[in-house]
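So you can see what is in the structure, the chains are spelled out below.
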Amino acid sequence: MNFQLSEEHIMIRDAARDFAKAELLPGVIERDENQTFPHEQIKKMGEMGFMGMMVAPEYGGGGMDTISYVLAIEEISKIDASAGVAMSANNSLVCWGLEKYGTEAQKQKYLKPLASGEVLGAFCLSEPEAGSDATSQKTTAIDKGDYYELNGVKNWITNGGNASIYLVIAQTDVSKAHKGINVFIVEKDTPGFKIGKKENKLGIRGSDTHSLLFTDVKVPKENRIGDDGFGFRFAMETLSGGRIGIAAQALGISGGAYELSLQYSKERKAFGKEISKHQAIAFKLADMATEIEAGRFLCMKAAWEKDQGLNYDLSSSMAKLYCADTCMKITTEAVQIHGGYGFVKEYHVERMMRDAKITQIYEGTSEIQKIVISRAVLKD
């Protein structure tokens, strides 16, 4: 196996790193404090090609592989996880499914502006009583002949207020259970579609998270993606790829917290020497470095399998589980290493600890990933 990054991969990683330090770091604490969506920064990310990295150039994307995407997400999330999740949702949850399963007309009309960063997309699966369980959809899309009539509520939608294009999972035939689920493209200004409240969150506070309300929304027949009943498979495949993005986000948050802790430990003195020279701190740093490297290999393996056209369901769940749980551990240790300074905002690590928690929850909680993994390892 070749563990060496290509020159192109290194160039993409470095470009994302430089952008994050120059454009995302200034104001990141204030955006978190005020729950401000990074409008200008996301616009610039689109101009640099970060919002449609894996989309073919003919549809406005960068035509890059998943490894490039993972490297960029990691670097962006080291500085600002809120920008990282907006980028991840647009790439993994919206652009990917549209490119793979959309019609040519859908790609021309919707994918091009999404991939180029001209507009932002949102993936709408979660509901008040249905998180990652796509089979429990209460949102309905009733066939009215020339169109579908969409009714229901979606919760916890990333990019919910700032998106222009929404992929909405809905039940068209309850009697068919998961085979009666479809996915629809809904435009923001469609009559009957309303943006609900913005969530006041623990972490990723710069991320735009809303509930969405659909009341007798008319969706044209040509806005359904795939054949009738394809929605459940679409959701499952999309979430599987999305977990790679979440793993990369968790990896980035971990790396950011580790780098700040390493730097601080060499500057802060206690009992006559830098705290990095005390074994208690040095061992913490050793554990953090090792766990980040292990997570990176899991994440890269899942990305590589995706690029090779292999089944990556298991590897993406493993990467998401390990990187998310490790992220929570590492950011907590980062606060501990910083001591009292770690508890105040200007040192960043308290924000990273809050941001870390969501990586254990969205795209399926850690417990759901363990269900997926255990089913695979226990299968005869």
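Refer to the structure printed above.
The structure displayed is predicted, hence computed values, not measured ones. (Residues numbered from 1 in each chain as written. Predicted model: local features only at pLDDT ≥ 70, side-chain atom pairs only at ≥ 80, totals over all residues. Heavy atoms only, no water.)

A. Expanded view of the layout of surface pockets. Size it by volume and the largest pocket reaches roughly 680 Å³. Ser126, Trp156, Ile358, Tyr362 and Glu363 are, among the 29 residues lining the largest pocket, the residues nearest its centre. Of all the secondary-structure elements, those providing two or more residues to the lining of the largest pocket are α5 (81–101), β3 (147–158), α7 (231–267) and α10 (349–359). Sort the elements by how many residues they give to the lining of the largest pocket and α5 lands first, with four residues. Per-class residue counts for the lining of the largest pocket are 15 nonpolar, ten polar and four charged. Within this model, the second largest pocket holds a volume of roughly 580 Å³. (1 Å grid on protein atoms, 1.4 Å probe; cavity = no way out; pocket = protein on both sides within 12 Å on 5 of 7 lines; lining within 4 Å. Points joined across faces, edges and corners; volume = space filled by probe spheres on them. Helix = DSSP H or I, 4+ residues; strand = E, 2+ residues; numbered from the N terminus. Nonpolar A, V, L, I, M, F, W, Y, C, P; charged D, E, K, R; others polar.)

B. View of the packing of helix α1 (residues 7–24) against helix α3 (residues 39–47). Running from amino to carboxyl end, α1 crosses α3 at an angle of 155 degrees, the nearest separation of the two axes being 11 Å. Taken together, α1 and α3 sit at an angle that is classed as roughly antiparallel. Relative to α3, the crossing made by α1 is right-handed. Counted together, Phe19, Glu23 and Leu24 of α1 and Gln41, Lys44 and Met45 of α3 form the full contact between these two elements. Grouping the amino acids of the contact of α1 with α3 by side-chain chemistry returns three nonpolar, one polar and two charged. (Axes fitted to C-alpha atoms, helices over the stretch in contact; angles between N-to-C directions. Parallel < 35°, antiparallel > 145°, perpendicular 65-115°, else oblique. Left-handed = near helix turned anticlockwise from the far one by under 90°. Contact = heavy atoms within 4.5 Å.)

C. Structural view of the pattern of salt bridges. Per the counting criterion, the structure on display carries 23 salt bridges. In this structure, the salt-bridge partner of Lys345 is Glu33, at a minimum N-O distance of 3.6 Å. Residue Lys345 is located in the loop between α9 (313–338) and α10, and its partner Glu33 is located in helix α2 (residues 28–34); the two are separated by 312 residues in the primary sequence. Classification of Lys345 as partly exposed rests on a relative accessible area of 33%. (Salt bridge = Lys/Arg side-chain N within 4 Å of Asp/Glu carboxyl O. Buried < 20%, exposed > 50% of the residue type's maximum accessible area, 1.4 Å probe, protein only.)

D. Structural view of the pairing of strand β7 (residues 209–220). Where β3 and β7 come together, nine bridges link them in antiparallel fashion. Residue pairing in the sheet places Thr158 in a bridge with Thr209 of β7. In terms of strand pairing, strand β6 (residues 193–198) meets β7 through four bridges, oriented antiparallel. The residue of β7 that forms the bridge with Ile195 is Leu212. (Pairing = 2+ DSSP bridges.)

E. Geometry of helix α11 (residues 366–378). End to end, α11 covers 18 Å across 13 residues, agreeing with the expected 18 Å (1.5 Å per residue, within 8%). All of the buried residues in α11 are Ser366, Gln369 and Ile373. Seen along its axis, α11 keeps its buried residues to an arc of 60 degrees; they face one direction. For α11, the exposed residues set more than 90 degrees away from the buried face come down to Glu367, Arg375 and Leu378. (Expected span 1.5 Å × (residues − 1). Arc of directions from axis to C-beta.)

F. Fine view of α10. Within α10, eight of the eleven residues are buried, which leaves it mostly tucked inside the rest of the structure. Among the residues making up α10, those that are buried are Val349, Glu350, Arg351, Met352, Arg354, Asp355, Ala356 and Thr359. Where α10 is buried, its residues meet α2, α4 (66–79), α5, α7 and α9.

G. Looking closely at the nonpolar core. In terms of nonpolar packing, the biggest core is built from 87 residues, with Met45, Met87, Leu98, Phe123, Leu167 and Phe234 touching the most fellow members. Once residues within four sequence positions are removed from consideration, Met45 is found in contact with Phe19, Phe50, Met51, Ile76, Ala83 and Met87. In this structure, Ala141, Tyr148, Ala163 and Val186 belong to the second largest nonpolar core, which totals 17 residues. (Core = buried A, V, L, I, M, F, W, Y, C linked by side-chain atoms within 4.5 Å.)

H. Molecular detail of the packing of aromatic side chains. Taken as a whole and assessed by the stated rule, the structure comprises twelve aromatic pairs. A network of ring pairs unites the aromatic residues Trp96, Tyr101, Phe230 and Phe234 as a single cluster. Against the face of Tyr148 rests Lys221, its NZ or CZ located 5.3 Å from the ring centre. (Phe/Tyr/Trp six-rings, centres within 6.5 Å; stacked < 30°, edge-to-face > 60°. Lys NZ or Arg CZ within 6 Å of the ring centre and 35° of its normal.)

I. Summary view of the environment of Ile195. Mapped onto the elements, Ile195 comes out in strand β6. When near neighbours in sequence (up to four residues on either side) are disregarded, Ile195 contacts Gly160, Gly161, Tyr166, Lys188, His210, Ser211, Leu212 and Leu213.

J. Quick look at the side chain of Arg351. Residue position: Arg351 is located in helix α10. Comment: no salt bridge for buried Arg351; closest opposite-charge side chain is Asp355, at 4.1 Å. Excluding its chain neighbours within four sequence positions, the residues that come into contact with Arg351 are Val28, Asp32 and Ile79. (Lys, Arg positive; Asp, Glu negative; His and termini not counted.)

K. A nonpolar patch on the surface, seen in detail. Where nonpolar side chains cluster on the molecular surface, the patch consists of Leu314, Met318, Val377 and Leu378 and spans about 360 Å² of accessible area. For Val377, the position within the fold is in helix α11. Residue Val377 is classed as exposed on the basis of its relative accessible area of 55%. (Patch = residues over 30% accessible without salt bridge, like charges linked within 9 Å, V, L, I, M, F, W, Y side chains within 5 Å. Areas by Shrake-Rupley, 256 points an atom, 1.4 Å probe, with all protein chains shown as cover.)

L. Summary view of the environment of Leu314. You can see Leu314 is positioned in helix α9. For Leu314, a relative accessible area of 31% gives the class partly exposed. Among all residues touching Leu314, those that are not within four sequence positions of it are Ile373 and Ala376.

Read these as geometric descriptors, not functional statements.
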